[in-house]
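# Residue-level structure breakdown
So you can see what is in the structure, the chains are spelled out below.
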Amino acid sequence: MSSLDKYDETEDPRSHLAIFRTTMQLHNVNNFVLYGVFSSTLTSLAQKWYQRLSSSSINSFNQLAMLFKYKFITCIPHKKLLSDLQKIRQGESEPLWSFISRFNTKAIQIKELNHKIACEALKKETHNINFMDSLVKNPTVTYQQLMDKAQKYIRLDDEVQTLKDDKRTS
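Here is what the cut-offs are and how they apply
Residues numbered from 1 in each chain as written. Predicted model: local features only at pLDDT ≥ 70, side-chain atom pairs only at ≥ 80, totals over all residues. Heavy atoms only, no water. Helix = DSSP H or I, 4+ residues; strand = E, 2+ residues; numbered from the N terminus. Rg over C-alpha atoms; globule rule 2.2 N^0.38 Å. Buried < 20%, exposed > 50% of the residue type's maximum accessible area, 1.4 Å probe, protein only. Contact = heavy atoms within 4.5 Å. Areas by Shrake-Rupley, 256 points an atom, 1.4 Å probe, with all protein chains shown as cover. Polar contact = N/O pair within 3.5 Å; in protein donor to acceptor, adjacent residues only side chain to side chain. Phe/Tyr/Trp six-rings, centres within 6.5 Å; stacked < 30°, edge-to-face > 60°. Salt bridge = Lys/Arg side-chain N within 4 Å of Asp/Glu carboxyl O. Core = buried A, V, L, I, M, F, W, Y, C linked by side-chain atoms within 4.5 Å.

### Section: the overall build of the chain
- Of the regular secondary structure elements, the chain holds nine helices and zero strands.
- Relative to a compact globule of 170 residues, whose C-alpha radius of gyration would be 15 Å, the chain shows 24 Å and is clearly more extended.
- Structurally, the chain occupies a C-alpha span of about 75 × 40 × 30 Å along its principal axes.
- The buried share of the chain, reckoned over its 170 residues, is 34%.
- Of the contacts made within the chain by residues no fewer than 6 positions apart, 60% connect residues no fewer than 24 positions apart.
- Summed over all atoms, the accessible surface of the chain reaches about 11200 Å², with 53% contributed by carbon and sulfur.

### Some remarks on the side chain of Gln47
- Here Gln47 lies in helix α3 (residues 44-52).
- Take Gln47: its relative accessible area is 18%, and that puts it in the buried class.
- Engagement of the side chain of Gln47 in a polar contact is seen with the backbone oxygen of Leu42, the distance being 3.2 Å.
- The contacts of Gln47, once residues within four sequence positions are left out, are Ser39 and Leu42.

### Observations concerning the packing of aromatic side chains
- Evaluated as defined, the whole model comprises eleven aromatic pairs.
- Note on Phe20 and Phe61: the rings are 5.5 Å apart at their centroids and 35° apart in plane angle, and the pair reads as tilted. Of this pair, Phe20 sits in helix α1 (residues 13-26) while Phe61 sits in helix α4 (residues 61-71); the two residues are 41 residues apart in sequence, bridging distant segments of the chain.
- The interplanar angle of 50° and the centroid separation of 5.9 Å between the aromatic rings of Trp49 and Phe68 together place this pair among those described as tilted. Here Trp49, found in helix α3, pairs with Phe68, found in helix α4; they are 19 residues apart in sequence, far enough to count as distant.
- Its relative accessible area of 10% is what places Trp49 among the buried residues.

### Considering the pattern of salt bridges
- Taken as a whole and judged by the stated rule, the model has six salt bridges.
- Close ionic contact of Arg89 with Glu125 constitutes a salt bridge, the shortest N to O distance being 3.4 Å. Linking Arg89 in the loop between α5 (82-85) and α6 (96-107) with Glu125 in helix α7 (residues 115-125), this pair joins segments that are 36 residues apart in sequence.
- With relative accessibility at 46%, the residue Arg89 sits in the partly exposed group.
- Judged by its relative accessible area of 9%, Glu125 is buried.
- A salt bridge links Lys123 to Glu120; its shortest N-O distance comes to 2.7 Å. Of the two residues, Lys123 and Glu120 both sit in helix α7, three residues apart, roughly one turn of that helix.
- When its relative accessible area of 44% is taken as the criterion, Glu120 is described as partly exposed.
- Sharing partners across several salt bridges, the network here consists of Arg89, Lys124 and Glu125.

### Topic: the nonpolar core
- In terms of nonpolar packing, the biggest core is built from 20 residues, with Ile100, Phe103, Leu122 and Phe131 touching the most fellow members.
- When residues of this core are traced back to their parent elements, those giving at least two are α6, α7, α8 (129-137) and α9 (143-169).
- Looking at this core, the element that brings in the most residues is α9, giving six residues.
- Core analysis: the second largest hydrophobic core is formed by 19 residues, Phe20, Met24, Ala46 and Phe68 among them.

Encoded structure:
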């Protein structure tokens, strides 16, 4: 059986359960075995919690999974909102690639990303005038198009920076 990462109260318990269930399904494991094997994926406080459970009070792995999620509910990350995306600002001397990377990292965490709002937030908070101008003159239709356009301006920004660096060393 393949090795699973141990749960140590630093990650989302839902994620741990999903990975555990998927791995166990590959091995065609029944409910009784799930219950027994699950404890081997726990460490530290999670292992102590499991050991304190009364086995007679748990009727199924689904019940154990529900108790596990409730016990470690504070480890579930807060839901990301569009308003979180609108708080990301490009620093004065921050390269475009760094800003776009931070922006995209937050954007992919938003369950129902609204393309228009994402585009407006990016346009409003970038310091790259050419990129901003392009977003105004040629709006994108999808988030993928927005990121493709950003990539073009990142390459342009990198080339300009390379030319500036070359001039300084000449």
